[in-house]
Amino acid sequence: MPILTKRQNKTPLGLYIHVPFCRSKCQYCDFYSLACKEDKLMDGYLEAVCDHVKETGALAPGYKVDTIYFGGGTPSFFGADGMATILTTIRRNFDVDNNAEITFEANPDSISDKLLHRLRAEGFNRVSLGIQSDDDEMLKKLGRPHTFAQAATAVQRIRKAGYKNLSLDLMYGLPGQTLRAWQDTLEHVLTLNPEHISCYGLKVEEGTPLYDYQDYAKLPDDDTQADMYLAMIEILKGHGFRQYEISNFARKGLYSKHNMKYWTGGEYLGFGPSASSDFAGKRFTLCRSVHDYINGIKKKGQIIDEVQEIPPRERAGEYLMLRLRTFSGINAEDYERNFLLPFAPLEDILEHNRNLGYAVLTEDNRWHLTPKGFLISNSIISDLLVAQDKSEPLKRL
Ligand code: SF4
């Protein structure tokens with residue numbers, strides 16, 4: 001791992017552990033995960049991640065880990081023992097903040113009281129539960145291995161085990177789904193009383209089974225998806241949720257601290273096949289095969305698929321693309337100070353969008369998009385990037 005360097009000052013760091021195992025593969029899923037429960041492969045994976053954590057921790061002193069996220073795949077399907085072992089190895093090799101946010105993703109069919117209590121005792125304090133829909137027929141169609149009743153029971157168990165920060169994952173724009181059905185789903189799911197909700201519009205990804213039969217899947221058209229998006233924002237607002245990112249909503253300020261790192265340019269290190277990192281000015285992605293990952297770690301060979309050094313101008317573009325996904329938005333002073341580029345050409349575009357109701361300038365001088373603006377964020381950001389590309393660096397601040 002020659003690309004990690006020593007640093008003098010304590011810097012916040014997020015750790016992501018990709019757990020690439022699921023009970024079965026969902027029809028729409030493009031994440032790297034295998035539908036299997038092969039003990040030998042899981043053992044090999046566990047050993048590889050722990051070795052990877054050990055060698056990386058030793059090469060990256062001076063960082064304080066304030067978020068740890070076990071995603072996948074289905075970490076709850078992988079099991080509590082493996083996750084606890086990885087977390088213990090992290091604590092031994094990184095400086096982990098006592099108040100770190102420690103999340104694991106779970107599916108309702110692989111949650112048990114034993115797993116929840118064990119992980120709570122180990123220090124996990126946030127659960128992200130994949131529910132997706134309250135309609136059992138729809139769940140079956142999507143290839144999800146659980147029912148809504150299992151999801152409701154899982155929530156009760158999570159609460160009983162003492163987790164005070166629960167996020168639920170939902171999807172809209174599903175095959176045959178109407179606006180009314182989506183509104184009902186939201187109202188129904190809100191009775192489970194989560195602190196956080198992530199709602200993603202279904203995307204048809206190449207290489208998934210859904211891609212092959214999308215023409216027959218009766219997917220809602222773009223206008224209906226847009227109506228679903230705007231209706232969702234209103235419903236969640238009415239239930240006390242603040243939208244803090246295009247697809248994420250939280251109560252009581254309980255934003256996902258880990259995911260905020262991705263959107264605000266924070267540093268993070270990834271472990272496990274296909275995991276990405278943004279660390280010490282470089283971005284890198286690990287190989288997308290659990291076998292290659294295990295072999296690479298064992299033989300001290302190559303496990304990185306792609307390394308990119310991000311030039312300042314590209315970072316400036318990312319600042320616009322990622323920050324404008326969030327409600328904290330962008331600020332002229334931050335932008336000019338960090339990237340030595342003029343904000344004025346961007347301001348003209350933002351003003352224009354403000355007049356159209358797509359952007360807002362807050363009292364503390366931050367520009368962010370409105371819900372309607374989020375719907376056309378790609379085209380607004382593309383206009384901003386063109387203006388940024390044409391701008392000459394500032395001579396002085
Ligand atoms: S459970 Fe999640 S990671 Fe696994 S196949 Fe389904 S969508 Fe993909």
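Conventions and cut-offs
- Residues numbered from 1 in each chain as written.
- Predicted model: local features only at pLDDT ≥ 70, side-chain atom pairs only at ≥ 80, totals over all residues.
- Heavy atoms only, no water.
- Helix = DSSP H or I, 4+ residues; strand = E, 2+ residues; numbered from the N terminus.
- Rg over C-alpha atoms; globule rule 2.2 N^0.38 Å.
- Buried < 20%, exposed > 50% of the residue type's maximum accessible area, 1.4 Å probe, protein only.
- Contact = heavy atoms within 4.5 Å.
- Areas by Shrake-Rupley, 256 points an atom, 1.4 Å probe, with all protein chains shown as cover.
- Lys, Arg positive; Asp, Glu negative; His and termini not counted.
- Charge placed at Lys NZ, Arg CZ, Asp CG, Glu CD.
- Near = heavy atom within 4 Å.
- Nonpolar A, V, L, I, M, F, W, Y, C, P; charged D, E, K, R; others polar.
- Axes fitted to C-alpha atoms, helices over the stretch in contact; angles between N-to-C directions.
- Parallel < 35°, antiparallel > 145°, perpendicular 65-115°, else oblique.
- Core = buried A, V, L, I, M, F, W, Y, C linked by side-chain atoms within 4.5 Å.
- Pairing = 2+ DSSP bridges.
- Right-handed = clockwise from strand over helix to strand, strands pointing away.

A. Highlighting the overall build of the protein chain. Within the protein chain, the secondary structure is distributed over 16 helices and 17 strands. For the protein chain, whose C-alpha radius of gyration is 22 Å, the value lies close to the compact-globule estimate of 21 Å for 397 residues. Each of the three principal axes of the protein chain carries a C-alpha extent, and together these read 60 × 55 × 40 Å. Across the 397 residues of the protein chain, 53% fall into the buried class. At a minimum sequence separation of 6, the contacts of the protein chain that also span at least 24 residues come to 71%. Just so you have it, the protein chain exposes about 18500 Å², and 49% of that area is on carbon and sulfur atoms. A distance of 7 Å separates the average location of the 48 positive side-chain charges in the protein chain from that of its 53 negative side-chain charges.

B. Geometry of the site of the ligand. The environment of the ligand is made up of Cys 22, Ser 24, Lys 25, Cys 26, Tyr 28, Cys 29, Ser 33, Gly 72, Gly 73, Thr 74, Asn 107 and Arg 144. Its residues assigned to classes, the shell around the ligand shows 4 nonpolar, 6 polar and 2 charged.

C. Spatial organisation of the packing of helix α1 (residues 39–59) against helix α3 (residues 80–93). Viewed as axis vectors pointing N to C, α1 and α3 meet at an angle of 10°, and their least axial separation amounts to 9 Å. Classified by the angle their axes make, α1 and α3 are roughly parallel. The segment α1 lies against α3, with Leu 46, Val 49, Cys 50, Val 53, Lys 54 and Gly 57 engaging Gly 82, Thr 85, Ile 86, Thr 89, Ile 90 and Asn 93. By residue class, the composition of the contact of α1 with α3 is 6 nonpolar, 5 polar and 1 charged.

D. Expanded view of the nonpolar core. With 105 residues, the main nonpolar core has Ile 17, Phe 21, Phe 70, Phe 94, Phe 104 and Leu 129 as its most contacted residues. Take this core: its biggest share by element is 8 residues, from α1. Excluding anything up to four places from it in sequence, Ile 17 contacts Tyr 45, Val 49, Ile 68, Tyr 69, Phe 70, Gly 71, Ile 86, Ile 90 and Phe 271. If you look at the next biggest cluster of nonpolar residues, it comprises 10 residues, including Cys 29, Met 138, Leu 142 and Leu 174.

E. Seen up close, the pairing of strand β8 (residues 196–201). Here strand β7 (residues 166–172) pairs with β8 via 6 bridges, running parallel. Bridge pairing in β8 links Met 171 to Tyr 200. Following the backbone out of β7, through helix α7 (residues 179–190) and into the adjacent parallel β8, one traces a crossover that is right-handed. Of the strand pairs in this sheet, β8 and strand β10 (residues 248–250) are connected by 3 bridges, and their pairing is antiparallel. Note that in β10 the partner of Ile 197 across the bridge is Phe 249.

F. Just unusual backbone geometry, in detail. A cis amide bond, omega 20°, links Gly 72 with the succeeding residue Gly 73. Take Gly 73: it is sitting in the loop between β4 (63–72) and α2 (75–78). With phi around 70°, Gln 132 is a residue other than glycine that occupies positive phi space. One can find Gln 132 in strand β6 (residues 126–132). A relative accessible area of 7% places Gln 132 in the buried class. If you check the backbone angles, Ser 274 has positive phi at about 75° while not being a glycine.

Geometric values such as these leave the question of function open.
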